2 protein chains.
Amino acid sequence: MQYEFKDKAANAYKLEEQVGFLLRRASQRHLSIFTQMLPDLTSTQFATLAKLCEMGPTSQNALGRAVAMDAATIKGVADRLRARGLVEATPDEEDRRRHYLSATEDGRAVYERTAQAALAITGETLAPLDADEIATFLSLLRKLC
Amino acid sequence: MQYEFKDKAANAYKLEEQVGFLLRRASQRHLSIFTQMLPDLTSTQFATLAKLCEMGPTSQNALGRAVAMDAATIKGVADRLRARGLVEATPDEEDRRRHYLSATEDGRAVYERTAQAALAITGETLAPLDADEIATFLSLLRKLC
DNA sequence: TAAAGTTCGTTCGTATGCAAATGGATTTTG
DNA sequence: CAAAATCCATTTGCATACGAACGAACTTTA
């Protein structure tokens, strides 16, 4: 009979201590801040628009990989951005499977107008930490991706 | 004309550096580990069952608050756990709005059987970090909730 | 005690997010 | 070159998530 079995509390499961629970709660707080400070776009819509502005014309799946969304997810996001006129699709001449996605003039304007707010959202999310803690936290978080 | 306006790149938005993007990717990796190591239950279902086992009979909304899910979300989770026979509801005599939720015998058995796996999932998620880094990371993450 | 406020559970609508399957197009390889 | 593998976009099904609104029940307060 080993020690762990004598004291069941020693290796008990405590939800509040699990990294998955804390990640979910931190994400919830971040998304709540995002919605308050940038109500026009969801966090994933903004990320997709920003990446598309940065990359230029890109196929839908390649864009999805760039923003860490699978094919089924990026389709919905791209459809909603297209429905709002922020993104447009043009067929690829060389590869008949592909459509190039690109930001419209409207889409680029929205991105230019909201990028500062997005940076402020990052700042507000990290506000409970000081500069050193932020650097440490982001460095460790990056290792967990 | 201030410095920031001269060098637009200095305060440019880079998706990969934003805490929201990193939180989303870390959560994705964690959930992927969860699904692999504990395919029977989703992460939220396990969290709910675990908390219910810990708290004993609880109203649905109170349980939701304990696991950080709003009323609409906890309802779906509770419904699916009830459909699988892991949770049952009994009406409250004192408050006719309320149903007490509690884990069934089956539910408690599933929890006992899977709690170790859940701890292992936390370990695997944090595997890229050493012990000191884990302590630092969790302490900082907790400040962001 | 009556009005106001709160809480309970529920429903609707919208938006991720992923697994799995599909069909068509392109590339790789034997 | 033909078969195999890969890639593209799409669809279906399921499971979170949250805002908003709702009626019913309970509590607080004026």
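Located above this text is the structure these notes cover.
Residues numbered from 1 in each chain as written. Chains lettered and ligands numbered in written order. Predicted model: local features only at pLDDT ≥ 70, side-chain atom pairs only at ≥ 80, totals over all residues. Heavy atoms only, no water.

Trainee: What's the story with the protein's contact with DNA strand D in this structure? I'm lost.
Mentor: Within the structure, DNA strand D sits among 24 residues, and A:N61, A:R97, B:T42, B:T44 and B:R96 are positioned closest to it. Here DNA strand D approaches the protein such that, of its atoms within 4 Å, sugar and phosphate make up 75%. Between DNA strand D and A:N61, the relevant distance is 2.8 Å, taken from a phosphate oxygen to a main-chain nitrogen or oxygen of the residue. With respect to DNA strand D, the side chain of B:R97 contributes an N or O atom lying 3.2 Å from a base nitrogen. (Near = heavy atom within 4 Å. Polar contact = N/O pair within 3.5 Å; in protein donor to acceptor, adjacent residues only side chain to side chain.)

Trainee: Looking at this structure, how should I read the packing of aromatic side chains?
Mentor: Think of a pair of aromatic rings as described by two things: how far the centres are apart, and how the planes are tilted against each other in angle. Overall, the coordinates contain seven aromatic pairs over all chains when judged by the stated rule. A ring pair is formed by A:F137 and B:F137, whose centres lie 5.4 Å apart and whose planes are at 5 degrees; its orientation type is stacked. Here A:F137 is found in helix α7 (residues 131–143), whereas its partner B:F137 is found in helix α7 (residues 131–143) on a different chain. Relative accessible area serves as the criterion here: at 0%, A:F137 is assigned to the buried category. The interplanar angle of 40 degrees and the centroid separation of 6.0 Å between the aromatic rings of B:F46 and B:Y111 together place this pair among those described as tilted. Note that B:F46 is positioned in helix α3 (residues 43–55) and B:Y111 in helix α6 (residues 105–125), a separation of 65 residues in sequence. The buried category is assigned to B:Y111, whose relative accessible area is 14%. (Phe/Tyr/Trp six-rings, centres within 6.5 Å; stacked < 30°, edge-to-face > 60°. Helix = DSSP H or I, 4+ residues; strand = E, 2+ residues; numbered from the N terminus. Buried < 20%, exposed > 50% of the residue type's maximum accessible area, 1.4 Å probe, protein only.)

This is a description of form; function is not addressed.
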